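Next come the chains, spelled out residue by residue.
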Number of protein chains: 2
Amino acid sequence: MHNNKVAIIGLGLIGSSLGMALRNAPPVEPRATPLHITGYDQDRRATSTARGRLAIDREATTLADAVRDASLVVLATPVHEIPVLFAQLAPLLSEGVVLTDTASTKAQVCAWARDMLPAGLDFVGGHPMAGSEQSGPAAAAADLFAGAIYCLTPDTQTRPHALHTVEAMVQAAGAKPYYIDPHEHDAYVAGVSHLPMLLSATLVEAVSRSAAWKEMAPLAASGFRDVSRLAAGDPTMHRGICLSNREALLRWLTDTIGVLDELRATLEQEDAARHDAQLPHAQQVRHQWQHSAPNMRPGEDHYTQVPQVERGFLGLPRRPRKQRP
Amino acid sequence: MHNNKVAIIGLGLIGSSLGMALRNAPPVEPRATPLHITGYDQDRRATSTARGRLAIDREATTLADAVRDASLVVLATPVHEIPVLFAQLAPLLSEGVVLTDTASTKAQVCAWARDMLPAGLDFVGGHPMAGSEQSGPAAAAADLFAGAIYCLTPDTQTRPHALHTVEAMVQAAGAKPYYIDPHEHDAYVAGVSHLPMLLSATLVEAVSRSAAWKEMAPLAASGFRDVSRLAAGDPTMHRGICLSNREALLRWLTDTIGVLDELRATLEQEDAARHDAQLPHAQQVRHQWQHSAPNMRPGEDHYTQVPQVERGFLGLPRRPRKQRP
């Protein structure tokens, strides 16, 4: 990074939280120049709220104003806005600027970057595994990324300085970089993130189509609350995620319908023996997941001592390991 | 109730929490004889833990010992154990004793009661709309039922004194009695309670069948955690619930598979317009539910001032209304 200027485009939950986390990170050395973060959002109120919450140092009024002189540009918008931004940014950014994003799917974003950005710009796809069903800068928190896995999807063309810059940003935000192939990433998060979201919306949709929903709703308790929580998320963002990760999601949907068909057949046959296998298996898997150390990258528990990045604009003291809440 | 003796059979989460709530309830008048609660569980350790946590006054060593002289007997076991208990209790209980249960389905339990219990015994089916994915007396809490809706399913044969006794118990535990037809109850809770449980287990089953599950699991974050939470529940209890509420659950499963088929078709066709309808509708419904006053019986907000039961073994000061957490 050739200066200390960062631009964050999109000041929702993720962009504002990232700004807060970076502004709260301790500097590498006591007298290092602190970061200067410029923020921009199409919604002027979001920009202003983010500034009010000290997530950014300066409010930009245009995209060009936001990225002027920035060494690192972070696109923290929903996935469907990324290609529009790539087109607008391509003529604005000078050689050597590093670009990253935080969108929920990576294969399509990386393909857009290859197709739409000039060769002198370095793009590293990113996806922090942290979030909330709440949105907007008012819901942002400086510790949203603390201890979280942060997927990075460089390719063979990515130059080392770009990778170092983004990795240092991830660590400064308190998260743990995890390098993964973009297609692999998309298949995995489709299963553990987008499929749960669709199942959550499906539950709400199925019960609310009933004529008795008004009488049923008051009987819904904590079980319904938890399974339906993701349905409360922003539908425009969810739609974008689904459409940008179609193939992986379609495979998971087919598998899920298959499991539900099995359950229905079991129940139709009053087949207690098959129930004895299905539900306990799910319980056992959930139990193992729940009691595994959270936010451990594959193998991290056994093999690695994650090295700190040596160069980079900010250092990161290792945070204490969190328990899965 | 002709004396102050209550027997609680089954000292898991619900039975132990009920004991705690009743023992903590303020008496109707300062010098009223306090309740005396005898507890029994097939698992002696559960009985002993319940006594240690002051959920019961006395540990019984046999079912006969537990119900001796009791005016009110509460069966707080999983639904599949209810017919076994009815058969064992039928010769043990004398005329006028009131019997209730807390099982998750009501039509089959009420049918068992009609078929298996002698005419002089009064049975009132019950189901508190409160719980936790945790189980056992160690997870019990005196405020588990505070402000919760508590379904009661009497029929035309139920005598008034039985109804008054059970209603007073519900209010003493801090909950709100809600009278409902047992079949209606089962159809509703199948949608808002048992269907979420099956969807939760289905999610875990679908993703854990993947060869990549070990790599995916670390990327699972709070969305997966919430949607999969119910899969962590006791599979034996869940199996019993499913089998005792087959018809209602089968209808919901069919509806749910229908919604998932629609979602899959939408995604296959990249049909953004249909996404625009499905996900926002689910979000809107979830939002309405989330922001409705919790634990309000249909119409309660608008019309009723719930009358306190005048006779009964314990009075209940109205608890402050809780926010949906």
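Residues numbered from 1 in each chain as written. Chains lettered and ligands numbered in written order. Predicted model: local features only at pLDDT ≥ 70, side-chain atom pairs only at ≥ 80, totals over all residues. Heavy atoms only, no water.

Asks: An account of the relation of the copies chain A and chain B is requested, with residue identities and associated values reported.
Replies: If you rotate chain A by 180 degrees and push it 0.0 Å along the axis, it lands on chain B with an RMSD of 0.0 Å. The superposition of one copy onto the other is thereby described by a two-fold rotation axis. The C-alpha atom lying nearest the rotation axis in chain A is that of A:Val227; the distance is 2.1 Å. Interface overlap between copies: 100% of the residues of chain A at the interface are likewise at the interface in chain B, consistent with a symmetric, same-surface contact. (Least-squares fit on C-alpha atoms with pLDDT ≥ 70 in both. Contact = heavy atoms within 4.5 Å.)

Asks: I'd love a proper account of the nonpolar core, names of residues and values included.
Replies: Counting residues in hydrophobic clusters, the biggest one holds 84 residues, and the most contacted among them are A:Trp213, A:Leu219, A:Phe224, B:Trp213, B:Leu219 and B:Phe224. Not counting residues up to four positions away in its chain, the partners in contact with A:Trp213 are A:Val207, A:Ser208, A:Phe224, B:Val192, B:Val285 and B:Trp289. (Core = buried A, V, L, I, M, F, W, Y, C linked by side-chain atoms within 4.5 Å. Buried < 20%, exposed > 50% of the residue type's maximum accessible area, 1.4 Å probe, protein only.)

Asks: Please set out the packing of aromatic side chains residue by residue, giving values where relevant.
Replies: Residues and elements named next belong to chain B. Counting across every chain of the model gives eight aromatic pairs over all chains. With centroids separated by 6.5 Å and ring planes inclined at 50 degrees, the aromatic side chains of Phe 145 and Tyr 150 adopt a geometry described as tilted. Residues Phe 145 and Tyr 150 agree in their burial class; the two are buried. (Phe/Tyr/Trp six-rings, centres within 6.5 Å; stacked < 30°, edge-to-face > 60°.)

Asks: Describe the sheet that holds strand E8 (residues 176–179) of chain B, listing the residues and the values that go with them.
Replies: Residues and elements named next belong to chain B. One open sheet holds the eight strands; their spatial order is E3-E2-E1-E4-E5-E6-E7-E8, and the pairing between them is mixed. Either end of the sheet is taken by a strand with one partner, and the two such strands are strand E3 (58–59) and E8. Where strand E1 (residues 5–9) meets strand E4 (residues 72–75), four bridges bridge the pair, whose relative direction is parallel. When the sheet's bridge partners are listed, Val 6 is paired in E4 with Leu 72. (Pairing = 2+ DSSP bridges. Helix = DSSP H or I, 4+ residues; strand = E, 2+ residues; numbered from the N terminus.)

Asks: Report on the pairing of strand E2 (residues 36–40) of chain B, specifying residues and quantitative values.
Replies: All names here are of chain B. E2 sits mainly inside the fold: four of its five residues count as buried. Judged from the five bridges that link them, E1 and E2 form a sheet pairing that is parallel. Residue pairing across strands places Lys 5 opposite His 36, the latter belonging to E2. Relative to E3, E2 runs parallel, the two sharing two bridges. From the neighbouring strand, Thr 38 faces E3, where its bridge partner is Arg 58. Once you follow E2 into helix H2 (residues 44–52) and on to E3, the crossover reads as right-handed. (Right-handed = clockwise from strand over helix to strand, strands pointing away.)

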